[in-house]
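# A structural walkthrough
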Amino acid sequence: MAGCIVVVFGVLVLVAEMAAAQGQVPSPTPAAAAAAPAPTPDCNGILLTYNFEGRAKIRPYVADRNKQPYSFRANATVLNSGTRPLKSWAMLVTFGYGEILVGVDGAVLTGGGEMPYNTTQDAGNATSFSGYPQTDLLTPIATAGDISQIQASVGIVGTLFAGPGPFVPLPTALSLDDPAYRCPQETNVSSGVLSTCCVLTPEAEANATVIDANATDPTKNFLPRGTGDLVITYDVLQAYPSSYLALVTLDNNAKLGRLDNWRLSWEWRRGEFIYSMKGAYPSEKDTTGCIYGAAGQYYQSLDFSQVLNCDKKPVILDLPLSRYNDTQIGKIDHCCRNGTILPKSMDETQSKSAFQMQVFKMPPDLNRTKLFPPANFKIAGASSLNPDYTCGQPVPVSPTEFPDPSGLDSTTLAIATWQVVCNITTSKGAKPKCCVTFSAYYNDSVIPCNTCACGCPSNQRGPTCSTTAQSMLLPPEALLVPFDNRTQKALAWAELKHYNVPKPMPCGDYCGVSINWHISTDYNKGWSARMTLFNWDNVDLANWFAAIVMDKAYDGFEKAYSFNSTSVGKNTIFMQGLEGLNYLVKQTNMSGSDYLVPGKQQSVLSFTKKLTPGINVVAGDGFPSKVFFNGDECAMPQRIPMSNSGFRTHLSSVLSLVLVLAASAFVLLQQ
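Predicted, not measured: the structure shown is a model, and the values here were computed from it.

Moving on to the overall build of the protein chain. Along the protein chain, the regular secondary structure elements total ten helices and 38 strands. Evaluated residue by residue, the protein chain yields a buried proportion of 49% over its 671 residues. A separation of at least 24 residues holds for 72% of the contacts in the protein chain among residues at least 6 apart in sequence.

A separate point is the sheet that holds strand β15 (residues 263–267). Sheet strands line up and pair through hydrogen bonds in the backbone, either parallel or antiparallel. Read across the sheet, four strands follow the order β17-β18-β15-β20 without closing on themselves; strand pairing throughout is antiparallel. This sheet does not close on itself; its edge strands, each paired only once, are β17 (280–282) and β20 (375–380). Across the sheet, the mean angle separating the axes of adjacent strands is 25 degrees when strand polarity is ignored. Sheet analysis places β17 next to strand β18 (residues 315–318), joined by three bridges and oriented antiparallel. When the bridges of β18 are listed, alanine 280 appears paired with aspartate 318.

A few words on unusual backbone geometry. When glycine is set aside, most residues are seen to have a negative phi, and most peptide bonds are trans. The step from proline 363 to proline 364 runs through a cis peptide bond, and the omega angle for that step is 10 degrees. For the bond from lysine 503 to proline 504, the omega torsion is 0 degrees, close enough to zero to count as cis. With respect to the element layout, proline 504 can be found in the loop between α8 (487–497) and β28 (513–522). With a phi close to 55 degrees, alanine 144 is a non-glycine residue in the positive phi region. Looking at the secondary structure, you find alanine 144 in the loop between α2 (140–143) and α3 (147–150).

Those residues of α8 that fall on the buried side of the exposure criterion are Ala490, Trp493 and Ala494. Buried residues in α8, looked at end-on, bunch into an arc of 100 degrees, giving them a common side. Facing away from the buried side of α8 by more than 90 degrees, the exposed set consists of Gln488, Glu495 and Leu496. On its buried face, α8 is in contact with β27 (443–447).

The next point concerns the sheet that holds strand β38 (residues 632–633). Spatially, β33-β34-β31-β37-β38 is the arrangement adopted by the five strands of the open sheet, whose pairing is antiparallel. Looking at the sheet topology across the chains shown, the edges are occupied by β33 (563–568) and β38.

Right, let's talk about the state of the cysteines for a bit. Counting across every chain of the model gives ten disulfides. Residue cysteine 290 pairs covalently with cysteine 310 via a disulfide, S to S 1.9 Å. The disulfide joining cysteine 290 to cysteine 310 has a torsion of about -100 degrees about its S-S bond and is therefore left-handed. Here the residue cysteine 290 occupies a position in helix α6 (residues 288–291), and cysteine 310 occupies one in the loop between α7 (294–298) and β18, the gap between them amounting to 20 residues.

One finds Trp517 and Phe629 to be the most contacted residues of the largest nonpolar core, which totals 39 residues. Only β26 (434–440), β28, β29 (526–535), β31 (545–549), β32 (557–560), β34 (572–577), β36 (599–608) and β37 (626–629) provide two or more residues apiece to this core. Beyond its immediate stretch of four places on either side in the chain, phenylalanine 629 contacts Leu385, Cys434, Val513, Ile515, Leu533, Leu541, Trp544, Phe545, Ala546, Leu584 and Cys634.

For the structure on display, the rule yields twelve salt bridges. With a shortest N-O distance of 3.8 Å, aspartate 365 and lysine 370 are connected by a salt bridge. Exposure remark for aspartate 365: the relative accessible area of 3% places this residue in the buried category. Taking relative accessible area as the criterion, lysine 370 reaches 31% and is therefore assigned partly exposed. The structure contains a network of salt bridges with shared partners spanning Glu267, Arg269 and Lys312.

Its place among the elements puts serine 88 in the loop between β2 (69–80) and β3 (90–94). A relative accessible area of 19% places serine 88 in the buried class. Leave out the neighbours within four places in its chain, and serine 88 touches Thr135, Asp136, Leu223, Val395 and Pro396.

The subject of this paragraph is the layout of surface pockets. Empty space within the second largest pocket amounts to approximately 880 Å³. Lining the second largest pocket are 35 residues; nearest its centre among them are Pro482, Phe483, Asp484, Gly508 and Tyr510.

What follows concerns the pairing of strand β9 (residues 173–176). Burial along β9 is one-sided: Leu174 and Leu176 are buried, and none of Ala173 and Ser175, which face the opposite way, are. Relative to β9, β3 runs antiparallel, the two being bridged by four bridges. Its bridge partner lying in β9, methionine 91 is registered against leucine 176.

Bringing the packing of aromatic side chains into the picture now. Tallying each qualifying case throughout the model produces 24 aromatic pairs. Between tyrosine 234 and tyrosine 244 the ring centres are 6.5 Å apart and the planes differ by 75 degrees, which places this aromatic pair in the edge-to-face class. Taken together, the positions of tyrosine 234 in strand β13 (residues 230–239) and tyrosine 244 in strand β14 (residues 243–252) put the pair ten residues apart, joining distant regions of the chain. Judged by relative accessible area, tyrosine 234 falls into the buried class, the value being 1%.

Looking now at the environment of isoleucine 291. Position of isoleucine 291 among the secondary structure elements: in helix α6. Along the primary structure isoleucine 291 and aspartate 303 are separated by twelve residues, whereas in three dimensions their C-alpha atoms are 10.0 Å apart. Dropping the residues within four chain positions of it, isoleucine 291 is found in contact with Gly296 and Phe304.

Right, let's talk about the side chain of asparagine 535 for a bit. Residue placement: asparagine 535 occurs in strand β29. A residue is classified by how much of its surface remains accessible, and asparagine 535, at 0% relative accessible area, is buried. A polar side-chain atom of asparagine 535 sits 2.9 Å from the main-chain amide nitrogen of aspartate 537. Not counting residues up to four positions away in its chain, the partners in contact with asparagine 535 are Gly512, Val513, Asp540, Leu541, Leu584, Val585, Lys586, Gln587, Pro598 and Gly599.

Considering every residue of the protein chain, the mean pLDDT works out to 86; 86% of them sit at 70 or more. Low pLDDT (under 50) marks residues 645–671, which in the prediction has 44 contacts with non-local residues, meaning those over four places away or in another chain.

Looking now at the environment of proline 624. Within the secondary structure, proline 624 is located in the loop between α9 (617–621) and β37. The spatial distance from the C-alpha of proline 624 to the C-alpha of alanine 547 is 9.9 Å, given a sequence separation of 77 residues.

Cut-off values and rules
- Counting restarts for each chain, with residues numbered from 1 along the sequence as it is written.
- Local features in this predicted model are restricted to residues whose pLDDT is 70 or higher, and side-chain atom pairs enter the listing and the counts only when it is 80 or higher, whereas totals over whole chains, interfaces and linings include all residues.
- To obtain the side-chain values, all non-hydrogen atoms of the structure were included, while hydrogens and water were left out.
- Secondary structure elements follow DSSP: runs of H or I no shorter than four residues count as helices, runs of E no shorter than two count as strands, and numbering proceeds from the N terminus.
- Each residue is placed in one exposure class: buried if its accessible area under a 1.4 Å probe, protein chains only, is under 20% of its type's maximum, exposed if it is over 50%, and partly exposed if it falls in between.
- Two residues qualify as a contact provided that any one of their heavy atoms is within 4.5 Å of a heavy atom in the partner residue.
- Only strands joined by at least two bridges in the DSSP assignment are considered to pair.
- Every angle, taken between N-to-C directions, lies between 0 and 180 degrees, and every axis is a line fitted to C-alpha atoms, over only the stretch in contact when it is a helix.
- In this description, the arc belongs to the directions extending from the helix axis to the C-beta atoms.
- In this description, the term disulfide denotes a pair of cysteine sulfurs within 2.5 Å.
- As used here, the term nonpolar core means buried Ala, Val, Leu, Ile, Met, Phe, Trp, Tyr and Cys residues forming a set that is joined through side-chain atoms within 4.5 Å.
- The term salt bridge refers to a pairing of a side-chain nitrogen on Lys or Arg with a carboxyl oxygen on Asp or Glu at a separation within 4 Å.
- Using a grid of 1 Å spacing that covers the protein atoms alone, one calls a set of points a cavity when a 1.4 Å probe fits there but cannot get out, and a pocket when the set is open and has protein on both sides within 12 Å along at least five of seven lines; lining residues are those with an atom within 4 Å of a point.
- Grid points are joined across faces, edges and corners, and a volume is the space filled by probe spheres set on the points.
- Only centres within 6.5 Å qualify two rings of Phe, Tyr or Trp (six-membered ring in Trp) as a pair; their planes then separate them into stacked at under 30 degrees, edge-to-face at over 60, and tilted for everything else.
- Within 3.5 Å is the distance limit for a polar contact, defined as a pair of N or O atoms, with the added protein rule that one can donate a hydrogen and the other accept it, and that residues adjacent in sequence qualify only through two side-chain atoms.
- One confidence number per residue, pLDDT, is output by the predictor and ranges from 0 to 100.

Structure (structure tokens):
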């Protein structure tokens, strides 16, 4: 009987301890990494665990128990129990209770997300954690089971939304973000611990070698270099105990993507700061973070007035062309183009940017071989027309080879190299950044860009406009007027032509660039069109390019008279500005008008009908099906001009005169 009492008492104590753990408030910083549960005897791969350490109810208190916020603390571990090193590990956790992460220790978010981070924005709710600073896990065989070299731990602090206990809100899935491994359904080791054992796929197992299994040399067996739309290479060229010299290179591999006035940023994770730079410069020269921080305490004899930047998240800009020959901050190959990176298909010599910087380190990294790259790289262009990029975390790759500067038949290797792969992304529901208008000599109205073609602001000021009403037909001269100043012209044109006026009137297109395609002539043997570019943005567009897809008229294309043009593939015409005239200026009021006028460029394109028998230009064969500007696909009109013989001469004279005068004025301004 006494034994039973002892057992019951023990159970009650255990229940009380569990209840106390449920009510414990997590610390505001990630918890220290806890030891992983002992691996199961049959796990000869990568053991993933997720240990839920506790949660506490926080304000606001709500009536719906399933929407009540709780702070929580958890620990995830990645343990290599296999025979092959795990390079640049990344762990996928599928959260199921609207978790918002506010602190992560021992890893970074693979996509470079910032805290607080809402996990519901991940595709499929799978959040990827990448190891930092411990990116590689060696094998137990090569390390005699040294837990510090074969296991990585991730401390997690955040907020979740769920009902009260006794249930534990665990993730719905765990896996490795590595195609070489297959992870079975996770299992509950205990009430608060999930676990799964990932093993090599048969294909990866067949490719594993003895050298791989016993690799401990960090200078060998690198992962292959990655490919992407934009690749950032971080090379360490010189290493000293307390600093190193880095070369950062940006390579554009996208077919049409480009950057104007690029801005590059990253996050220093180990207290580093930038002492000097060549080929680029920070947007802010600020040393207060060093003087009042740990760097100022450690480097007491350093003259911080010479330090360039101490921000944890610096923003780096390219130098203007005028600084290329500057011996102090220039003289770096591929630098100093004011941040313009073009696709290789347009100009391979301008598809790369590079700069150098001297980086100072902090304890405990004061060793020549303790080198860590920054994390959470981000790249963007200053123009709203530039694509959006999502970058992964730095991955160690084979050291970059540089030709010997003396000209000898020799190569110099970087001390260490990391690679960051960035890809162009389009968020769900994203709108284009440019749009197209149609007009023709046989109709005197212009079909404008669609309503909200590039999106409408969420907060409208002033009179309400309709985001769904069809855009109103316009007179030709309205193409030169900003949308906010078109109302009077649109209403007068509707009254003259007896068109219906929507109430409320349609919103604007909100596009940075609009392109007018005008059918100018149509004869028995050929026809012509005029293409006009309008820059409504506040950024000058240097070295612009455009592409049009002509499904039925492509074979008959002859030439563009004021643009450089090239036929590409089976249906695309690629165009650039002529040398000296490839600068599409921003909108300005230099004309003396009461409103801003756009920067403009135009060219006539001629087509022959000899190679396209049966083409019907008036019926629509003379209009492009797709238009691209600086790599972005533009929004197309939902209709084409209808034939109206009574107005052919009228529009041919009015619109042609308007656009020709506009282009002529632009050329004179350039001169």
